[in-house]
Structure formats: structure tokens, C-alpha cells
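So you can see what is in the structure, the chains are spelled out below.
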Amino acid sequence: MKKMRVHSLKQKIVFLFCCLAAVIVCFGMVYSILASRILIHSEEIAMKNIISQVTEQVEKSTTQTMNYAERVSKSVFTRQFLLADSLPERYEASRILYSVIPTLAESEDYSTNVSIVAADGSILGTPNKFFRVLDTVEQEYDALSKTVLKSGFTGRISKVREDTDYYAYYTPILDMSKVYDSPRKIGTCIVSSSLQSLYKSLKKLQLTPNSRVYLLDQSGNILLSNQDSSFDLDDQIALKEIALDDVNAKRVLIFGQKSLMSLQTASVTNWKILCIVPIAEIDSELRVMNRIILLFTIMALFGLLSLCLFESRKLLTPLAEISEFVSRPPTLEARLNWKERKDEIGILGNQIDRMLNQISELTHSIVDMQSRAYEAELARKSSILAMLRSQINPHFLYNTLDCIRGYGYKAQSPEIVQMCSSLAAIMRYSINSPEIVPLREELNCVRKYLTIIAIRFRNRFTTDVQIPEELEKVPVPSFILQPLVENAVYHGLEPKAGSGLLTISAHVTDGMDLVFRIYDNGVGISEKRLVQLQNLLEVNNMSPKDFSLDCGIGLLNVQRRIRTLYSASYGIALDSKEGEFTLVTVTLPYRQ
């Protein structure tokens, strides 16, 4: 027979230290992974907040321009001007329209210009410097054509007035005075707004210091940015390529910084809003905390190492002396002489000296004592073997649990007290209960078990027992529900990350069957394993080898008892979906 290797105390201490160090390292790794996920989540939320701010501000400003144009185009004074038959009538209508147009604006923005172009080409309200806007609308968007009825926003119109760039919204003006087969266009309303007002709006947003916001038109050309109103050719080309992609919280290295980049389309203008935010500015506080905890973990590891080395040296040195002393050939004169040491090791050394003194004085008596001790040891081992062969006395277990409960009271730990009381009640029920018991007693056993589970998992699971009170007197087989509830907890809810739900319900069918349902929203059972268990549950004469399946022992045991007590028409039905739920249905005859 191969001799087992005996490890020294030093090796055991080193092993314990390594295990503790591994736990600390694992904790650091788990924290690092969780911190990384938290950082990523916080970055995405911050980016969503930033781009939402920008989108809201852009749509607010552009919606004002669009609404202004729509009100002007639908004004009765605008139609009177465009439908005037003579020059005097048109002149009079234009005079009135000039006075009405400012009242249709939502705010007094002197950087906004309104132009009305009639179908015959005559223009109202356009200074010479704004003819560049009309040319752009006509040439690039064909909005002045009599047959074009579309509305929309233009892109960037450069240097319209005093090196100020503009954008415009154009919408057709339709003749609503008569009924036509199709709308008749009598003109076009164009509202031009300065990009400088949008730029000021973006500058007011609460963004990080180096965040970059780019507003791009439908073609990907830069309209403006919160950082600078001028752009070089490289920026134009690079951002135009980005605008063609569907970018959502993408990490990039741009402008010499690791940044988070996101692209969103404004619903009102169909412009694209590109936000580039340095990652370091989003989660700087979390990253500092992460570094602090990582540093703390490293310091704790080194502190643990130092403390372990110091304490192990303090402990192992005198133990090594004792080991070396007792390993030498025995002599009647050898002594440790550790009378000055008052700690546990000193007491051990003094006891060794006292033992040696007694050995030298009572050699013959010790031989007799050793003989008697040998005989007593043989008798003790015989009694231990006999005890192991016999069954455990329940009263011994009850007394032990009662001692533990008393310790719980002394330690002021209600959890220990409650767990011991619940476990003792379950043991008494399992040992003393008859084969058939009232449902009330079975539910009491289940509730005691759920009490232990609630303490064990710190109330991670929610339990819901839906048993009508009138059914509590119904006779059922003992220990028919607890194994199924235990299966639901340990094989369904425990492996699931986060909280879970366990529901126990009962009802009586029209066919006078008593039906129990044990439902959990845990990890479920794979399809292959579910089919295997369902097939085993349908076997009428199950052999002991069928009970070797992992997580199937409780199910098969309960199934076998039910069919033995009643018939094959009663028993267990199993349903599950991996990752979602498991449902165990127990059918018994209903007997009042």
C-alpha cells in the first residue's frame, strides 16, 4: 500500500497563504472585469446624454425656422400677394405682407431672412446679398420649379453676408382658393438662418472640455462644429467618410486621443450629428477609483505576505526546536527549559519537560499506564466502529442542533437559531411523519426549508405559495413537495445570476384531481436533458440505476412513490425552457 505523504506545518501555512492570495487576486480580477463593464456602460450613457442634448438643441433651432416658413407660406396675406392680378394690387399686398411677416416669427432673430419667390420669378424680401441663397435653392435643390412641391433644408451656404454662413428651409406655396385636380404651386417660401446662431447654441451645451460636435448635411459636408467654425480639407474628407457609416458608440483614436464616437440623424432636417468625446473625460472619476482599489488590492497582498512571513517565522521557529528535540534519541536528562516563555508554545514546552520528569520518576508505572491506555484505545476504536455501523440516533442529532441553537442565542445570531430550529423540524417531520399526512404539515415542512434557503442565499429568491386554505386538510404523501422545491432552488435558481422567483400553487380540477405546480424562472433544462428526464418519468417500473442522473433523483423518487401509492395515471409532468423557466406539475387523487 502506498504511503500517504505527510505535509509539514510550514507547507500547510504556505498553502493557506497561497489560497488566500489567490482569493484576493481573483477578487481583484473580478472587480477589474466588473469595473470595465461599468466604465463601458457609463461611457455609453454619457454619450447618449451628450448626443441627445445636441440633437434636441439642433432640432429646436431648425424647427423654429421650419415653422416660421410654414406659417409664412400658409398666410392669407402671402397668397393675396402672389395671386394679385395687377401691379398696384401686388404692391399693396406686398406692403401688408412686409408688416405681417415679422409677427409670424417665434423670436426676434435678426439673422433670419424670409424670401418669397412667385411663380413668374418675382421676388419679395430678398436683399442683394441673399441672392446667393436663392441661387443655391434653385440650382442645387430645384425648389423654385413650378412642378416641384417638396420641402426641405439646404446644406451650408457659405459667405452670404459679411462672411457669415447660412442654411435655408424652402417650402412650396399652394393656391387653396380653388379646387384643382392636383395642388397648384404659386410660389416658394425660403427662410434663411445664420449658422452662427446654431454655433452659439452648441457652445451653450454642457459638454466635456474637449468634446467635438459636428453637424453634417445630407451629403456629409460639414455645416458647423462647436470647436471651430472653419475646417480644413482633411477634416472635411475624414468626417464625410464617417457620415456614410452607421456609427454607434464606436471607440476610435482621433485627434491624438482615445475617444468615443457616435453618429445620429436629426429627424427634422435629416442632418447628421457626429459627437466625438475623449473617453478620459467621461469616466475619469471611475478610472481613479478603479486604480485606487487595484492599488489597495496589491498593498493588501503584500501586507498579507509580510504578516504571514512574520507570524509563520514566529510560530515555526520554536516548533522546529520542539520537533528537533523530540526527534533526538530519548535521554532522561534532556530538557527544553522554556520556563521564561508564557505563550502557548512555552506551555507546550513546559508540559514536555514535566512529562519527561514524570517519565524519569515513574518509568514502570508509565509502562503499566501505557498498557492500560493501549487497551483503552482498542476499546475506544471498537466502540467507534460499532457506532459507525449503527444508525445515527435522532435524539443525538436533535441535541446537537439544540446546542448549536443555544450557541446562536449566545452569539446573538438569529440566523443560526432559525436555521437550527427549521432543520430540527424538518428532521422530526422526515423521521416521525406517517406515509400520509395533511397538506398543512407538508407545507409547513416546505416553509421551514424555504426559511433555511432564504438565510442561505440572503433573500435572493422570491417565493410565492398560493395554496387555498380549504386544501390544507387534504391528505397527501409525506415529503412529496420538499424534494421538488429543493430541485427548483439548487438546479434552477442557484445557478442563475441575480434574483429569481419560485411559485408553489395548488388547485382541484373538474375531474377531482389535486394538482400542484412548482414553477421557477431559473436557468431551465436543456432540450436533450428534458427529453431524457421525461422519458424516465414515463417508465412505470424504475430500477435503482435510474436514480443516478444528476438533478433527477428527487423527481424520480417522488414519481415512484406516487405511482406505488396510487396508479400510473398520477404522478409528475415536467416542462422547461433553457434559460427561462422550469415547471413541475404533480397530480394526485383529491380525497377530502
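Below is a summary of the structure that appears in this document. Predicted model only: the values in this text are computed from it and were never measured. (Residues numbered from 1 in each chain as written. Predicted model: local features only at pLDDT ≥ 70, side-chain atom pairs only at ≥ 80, totals over all residues. Heavy atoms only, no water.)

For the protein chain, the helix and strand inventory stands at 16 helices and 18 strands. Looking at the protein chain as a whole, 39% of its 592 residues are labelled buried. About 36000 Å² of surface is accessible on the protein chain, with carbon and sulfur atoms providing 56% of the total. (Helix = DSSP H or I, 4+ residues; strand = E, 2+ residues; numbered from the N terminus. Buried < 20%, exposed > 50% of the residue type's maximum accessible area, 1.4 Å probe, protein only. Areas by Shrake-Rupley, 256 points an atom, 1.4 Å probe, with all protein chains shown as cover.)

On to the pattern of salt bridges, then. Here the structure, examined in full by the defined rule, presents 7 salt bridges. Across the pair K74 and E70 runs a salt bridge whose closest N-O atoms are separated by 4.0 Å. For the salt bridge of E92 with R95, the shortest nitrogen-to-oxygen distance reads 2.4 Å. Highlighted residues: E92 and R95, both in helix α3 (residues 87-100), separated by 3 residues, approximately one helical turn. (Salt bridge = Lys/Arg side-chain N within 4 Å of Asp/Glu carboxyl O.)

On to the packing of helix α13 (residues 439-456) against helix α14 (residues 482-493). When two helices pack together, their arrangement is given by the angle between the helix axes and by the axis-to-axis distance. Packing of α13 against α14 leaves a shortest axis separation of 10 Å and a crossing angle of 25°. Of the possible angle classes, the one that applies to α13 and α14 is roughly parallel. Pair α13 / α14 crosses with right-handed handedness. Contact residues: α13 offers E442, C445, V446, Y449, L450 and I453, while α14 offers Q482, V485, E486, V489 and Y490. (Axes fitted to C-alpha atoms, helices over the stretch in contact; angles between N-to-C directions. Parallel < 35°, antiparallel > 145°, perpendicular 65-115°, else oblique. Left-handed = near helix turned anticlockwise from the far one by under 90°. Contact = heavy atoms within 4.5 Å.)

With that settled, the discussion passes to the pairing of strand β1 (residues 113-118). Among the 6 residues of β1, 6 are classified as buried, and the element is accordingly described as predominantly covered. The two faces of β1 match: N113, S115 and V117 on one face and V114, I116 and A118 on the other face are all buried. Alignment of β1 against strand β6 (residues 185-194), held across 6 bridges, turns out to be antiparallel. Bridge assignment links S115 to a residue of β6, and that residue is I190. (Pairing = 2+ DSSP bridges.)

Structurally, G500 can be placed in strand β15 (residues 500-508). For the pair formed by G500 and D520, sequence separation is 20 residues and the distance between their alpha carbons is 7.4 Å. Excluding anything up to four places from it in sequence, G500 contacts R460, F461, T462, L493 and N521.

This part is about the side chain of R561. Tracing the backbone shows R561 in helix α16 (residues 553-565). Engagement of the side chain of R561 in a polar contact is seen with the side chain of E435, the distance being 3.1 Å. Setting aside anything within four residues of it in sequence, one finds R561 in contact with E435, P477, S478, F479 and I480. (Polar contact = N/O pair within 3.5 Å; in protein donor to acceptor, adjacent residues only side chain to side chain.)

As judged from the 7 bridges shared by β15 and strand β16 (residues 513-520), these two strands associate in the antiparallel manner. Paired with L502 across the bridge in β16 is D520. What sits between β15 and β16 in their antiparallel hairpin is a turn of 4 residues, with M512 showing a positive phi close to 60°.

Tallied over the entire structure, the rule returns 10 aromatic pairs. Measuring from centroid to centroid gives 6.2 Å for F153 and Y167, while their planes differ by 35°, and the two rings are tilted. Taken together, the residues F153 in strand β3 (residues 152-153) and Y167 in strand β5 (residues 164-174) connect sequence positions 14 residues apart. You'll find F153 and Y167 in the same group, each marked buried. (Phe/Tyr/Trp six-rings, centres within 6.5 Å; stacked < 30°, edge-to-face > 60°.)

A few words now on helix α5 (residues 195-203). Buried within α5 we find L195, L198, Y199, S201 and L202. For α5, the arc enclosing every buried residue in end-on projection is 160°, short of the 170-degree limit, so these residues lie on one face. (Arc of directions from axis to C-beta.)

Checked against the element boundaries, T65 lands in helix α1 (residues 9-73). Judged by relative accessible area, T65 falls into the buried class, the value being 6%. Apart from the residues lying within four places of it in its own chain, the contact partners of T65 are Y167, Y169, V191 and S193.

This part takes up the nonpolar core. If you look at the biggest cluster of nonpolar residues, it comprises 47 residues, and the most contacted ones within it are F516, I518, I562, I572 and V586. When sequence neighbours within four positions are dropped, the list of residues in contact with I572 reads L484, L537, L555, V558, Q559, I562, V584, T585 and V586. Counting 42 residues, the second-largest nonpolar core is a separate cluster that includes L97, V114, L124 and I173. (Core = buried A, V, L, I, M, F, W, Y, C linked by side-chain atoms within 4.5 Å.)

A separate point is the sheet that holds strand β13 (residues 461-466). Strand order in the open sheet formed by 5 strands is β13-β15-β16-β18-β17, with mixed pairing between adjacent strands. Only two strands of the sheet have a single partner each, and these edge strands are β13 and β17 (571-577). Averaged over all adjacent pairs, the angle separating strand axes in this sheet is 10°, with direction ignored. Judged from the 7 bridges that link them, β17 and strand β18 (residues 581-589) form a sheet pairing that is antiparallel.

Take unusual backbone geometry next. Of note, the phi angle at N270 is positive, near 65°, even though the residue is not glycine. Within the secondary structure layout, N270 lies in the loop between β10 (257-265) and β11 (272-278). Even without glycine at this site, N459 takes up a positive phi of about 55°. Mapped onto the elements of the fold, N459 is located in the loop between α13 and β13.

Right, let's get into the environment of K150. Within the secondary structure layout, K150 lies in the loop between α4 (131-141) and β3. Overall, K150 belongs to the partly exposed group, its relative accessible area being 44%. Considered as a pair, K150 and T171 are 21 residues apart in the sequence and their alpha carbons are 6.6 Å apart.

This part covers α4. Three or more residues of α4 are buried, namely V133, L134, T136, V137 and Y141. Buried residues along α4 cover an arc of 160° about the axis, so they all sit on one side.

The values reported here are purely geometric and, on their own, carry no functional implication.
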